[in-house]
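The residues making up each chain are set out below.
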Amino acid sequence: MSCVHVNLAERSYDVWVEPGLLGRAGALIDQAGLGGRRTAVISDERVAGFHSEALLGSLVAAGCRPSLHVIAAGEVSKTMAQAEILCRDMICAGHDRHSLVVALGGGVVGDLAGFVAAIFCRGIPLVQIPTTIVAQVDSSVGGKTGVNVAEGKNLLGCFHQPHLVLVDPQTLRTLPQREFCEGFAEAIKHAAIRDAAMLAELAALDPDGREVPAELIARNIAIKARIVEADEHETRDIRALLNFGHTIGHGIEAAIPYGQMLHGEAIALGLRAALFLSQRHCQLAPAASRTLLDLLQKYHLPLVLDAAIATPTIIEKLARDKKFAAGNIRFVLLDAPGHAHVSEVVTLADLRDAIEHLREVPE
Ligand code: NAD
Ligand code: GLY
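Residues numbered from 1 in each chain as written. Chains lettered and ligands numbered in written order. Predicted model: local features only at pLDDT ≥ 70, side-chain atom pairs only at ≥ 80, totals over all residues. Heavy atoms only, no water.

(A) Focus on the sheet that holds strand E1 (residues 2–6). Reading across the sheet, the 7 strands line up as E1-E2-E9-E6-E5-E3-E4 and stay open at both edges, with mixed pairing between neighbours. The sheet is open, and its two edges are formed by E1 and strand E4 (65–71), each paired on a single side. The sheet shows a mean angle of 15 degrees between the axes of neighbouring strands, taken without regard to direction. Relative to strand E6 (residues 126–130), strand E5 (residues 100–105) is paired through 5 bridges, and the arrangement is parallel. Directly across from Gly 105, in E6, lies its bridge partner Pro 130. Where helix H2 (residues 45–61) meets the sheet, its contacts fall on strand E3 (38–44), E4, E5 and E6, and the angle it forms with E3 comes to roughly 160 degrees. Where helix H4 (residues 107–119) meets the sheet, its contacts fall on E3, E4, E5 and E6, and the angle it forms with E5 comes to roughly 170 degrees. (Pairing = 2+ DSSP bridges. Helix = DSSP H or I, 4+ residues; strand = E, 2+ residues; numbered from the N terminus. Axes fitted to C-alpha atoms, helices over the stretch in contact; angles between N-to-C directions. Contact = heavy atoms within 4.5 Å.)

(B) Representation of the site of ligand 1 in the model. Close to ligand 1 lie 30 residues, the nearest being Asp 44, Thr 131, Thr 132, Thr 174 and Glu 182. With respect to ligand 1, the side chain of Glu 75 contributes an N or O atom lying 2.9 Å from an oxygen atom. For ligand 1, whose unbound accessible area comes to 870 Å², protein coverage reaches 95%. Secondary-structure elements contributing two or more residues to the shell around ligand 1 are H2, H4, helix H5 (133–139), strand E8 (152–159) and helix H6 (177–182). For the shell around ligand 1, the class distribution of residues is 7 nonpolar, 11 polar and 12 charged. (Near = heavy atom within 4 Å. Polar contact = N/O pair within 3.5 Å; in protein donor to acceptor, adjacent residues only side chain to side chain. Areas by Shrake-Rupley, 256 points an atom, 1.4 Å probe, with all protein chains shown as cover. Nonpolar A, V, L, I, M, F, W, Y, C, P; charged D, E, K, R; others polar.)

Everything listed is a geometric property; what it means functionally is a separate question.
In structure tokens:
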């Protein structure tokens, strides 16, 4: 079994990665010192249909007393109103400050359940059991939790590190094709900013299959873990590197009704825009850009922006993004595959050009 330890002093935790782990979740939760608690399992209707039975069975067997709380699937559920409903459901189900939250699902469930765990009775422990590629390689690790508002993505939230993360690659087998592929935008981002050698591994994988080696997932988690360890609260321009492709990506996601485009699809467009600006401002080689775009295309990710999504709307949304510090645009640029930095050279005109560039079909 692969284990990535996230070293954050008293907030340290382990991320276990192994096929079949879901059925052993109860025992591993017990082993981590979290057993015997009332446990609120938060999931969405699709994931719960496939995977809640195995999880609940293993929790009961381990002496945890679970209640199941199911939300509607998709980004539309990532709201303050839904967080309040979950908290009140948990109170009605008898949960208190000694309870545990287990998030079973993709990034939406993980971010929302993490936020609920952070605010319920001023904070209770959290276990993440991610079931999408986005969640397994990225969102379940690092402690960012939160919800969206109409003005923008993830604008309400807080840091709340999980106590344990259990990754079972077999849960990916039930993912539809589109949801499977979208997650690779985040893995390609990791390769772009920190691990150029991983590009070849991603290129070798079959995007139409569902078999993702545990080692590849663990390699992504390790990239994220080392970044989070170095800059847990994103104050030192290190964790901000994980926002590569996200400035314009989040702007696009917020410019259309939530859920219309999957997160990874918006990030793929954001990555193309960031590559365009990296070529303009730090001489990123066109061939390197091409390699990354080819990989996004291999995973059937969109590279061309719908004409109906207006540039001023995207600009308005991204100007509210947390990545805009005191009006300055802090934008992640790529010098070469594996090497990124946070820059302040990008102007508003650059952002407009980059968004317009997305209207053209790549050569
Ligand atoms: P998601 O959670 O909406 O999942 C996508 C779809 O797949 C949903 O319909 C879901 O029901 C379904 N699904 C999930 N697992 C399944 C399975 N195993 N089998 C069948 N269906 C399954 O979306 P996502 O792409 O996983 O996550 C996107 C969210 O993650 C966004 O809100 C984004 O902001 C957030 N995010 C957070 C961080 C972080 O650091 N906290 C990082 C990246 C992304
Ligand atoms: N997904 C960006 C971060 O965790 O910082």
